[in-house]
Structures are given as structure tokens and as C-alpha cells.
Amino acid sequence: MDKLLDKGMALGISLAGGFVATRVFDFVWKKTTGDDAPRVANDEMTLKRALAFSIGSAAVSAAVQVLSQRGASSTVKKFRNKLGDRTEV
């Protein structure tokens, strides 16, 4: 039961976190480069810029995934401590 709750909580947190992180990353990209964040493969984009965007977005995605899993695990532990033995099926 806890694993199911943990996975559901991680999903919710990662969706919300991913949405916020994408908006923040797009904002920082626009302020840094002056251009909108790329959304599709573009032959006119330089390799340097494409690599910078892909590495940055991958780092943000990995951070959101790790933080959401840890947050979900922590939240489930707090629920378990509050409810005591009632979480057992």
C-alpha cells in the first residue's frame, strides 16, 4: 500500500514540479540567450546552442525526478507516522 501511495505521490509531485521547472527554465533561457526556448529540431540552430539547451533541460528534468521521489517518500513516511498501524491492510 505504501509503495502505491509513494508512486502516486511521486507522480503528482513530479508533474507539478516539471511544469514549474519547465517554465523557470524557459524564462532563464530567454533572459540568457534572448531567444525563445527551442521546441522542435531546427537546422538553423547551432550545435553549441542545441547542446546547451539539451544538457540544461536534462539536468532540470533529472533534478525534478530525484526531488519528487524524495518528497513523495518523505510525505508517505509522515502519513505513516501520523496514522500509526492503521496504514496496514
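Preceding this paragraph is the structure being described.
Right, let's walk through the structure included here. Predicted, not measured: the structure shown is a model, and the values here were computed from it.

**With respect to helix α2 (residues 47-83)**
The terminal C-alpha atoms of α2, which comprises 37 residues, lie 54 Å apart, in line with the 54 Å expected from a rise of 1.5 Å per residue. Of all the positions in α2, only Phe-53, Gly-56, Val-64, Ser-68, Ala-72 and Val-76 are classed as buried.

**Considering the side chain of Ser-68**
Summarising the element assignment, Ser-68 is placed in helix α2. Ignoring sequence-local partners within four residues, the contact set of Ser-68 consists of Ala-10, Ile-13 and Ser-14.

**Quick word on the pattern of salt bridges**
Going through the model one piece at a time under the given rule, you end up with two salt bridges. Here Arg-49 makes a salt bridge to Asp-35, at a shortest N to O gap of 2.5 Å. You can see Arg-49 sitting in helix α2 and its partner Asp-35 sitting in the loop between α1 (2-33) and α2, a full 14 residues away along the chain. Residue classification places Asp-35 among the partly exposed residues on the basis of a relative accessible area of 38%.

**Notes on the packing of aromatic side chains**
Inspection of the entire model under this criterion finds three aromatic pairs. Between the aromatic rings of Phe-25 and Trp-29, the centroid separation amounts to 6.3 Å while the plane-to-plane angle is 35°, which identifies the pairing as tilted. Note that Phe-25 and Trp-29 are positioned in helix α1 at a spacing of four residues, about one turn of the helix. In terms of burial, Phe-25 and Trp-29 fall into one category: buried. A ring pair is formed by Phe-25 and Phe-53, whose centres lie 5.5 Å apart and whose planes are at 50°; its orientation type is tilted. With a gap of 28 residues between them, Phe-25 in helix α1 and Phe-53 in helix α2 connect regions that are remote in the sequence. In terms of burial, Phe-25 and Phe-53 fall into one category: buried. A network of ring pairs unites the aromatic residues Phe-25, Trp-29 and Phe-53 as a single cluster.

About the thresholds
Residues numbered from 1 in each chain as written. Predicted model: local features only at pLDDT ≥ 70, side-chain atom pairs only at ≥ 80, totals over all residues. Heavy atoms only, no water. Helix = DSSP H or I, 4+ residues; strand = E, 2+ residues; numbered from the N terminus. Expected span 1.5 Å × (residues − 1). Buried < 20%, exposed > 50% of the residue type's maximum accessible area, 1.4 Å probe, protein only. Contact = heavy atoms within 4.5 Å. Salt bridge = Lys/Arg side-chain N within 4 Å of Asp/Glu carboxyl O. Phe/Tyr/Trp six-rings, centres within 6.5 Å; stacked < 30°, edge-to-face > 60°.

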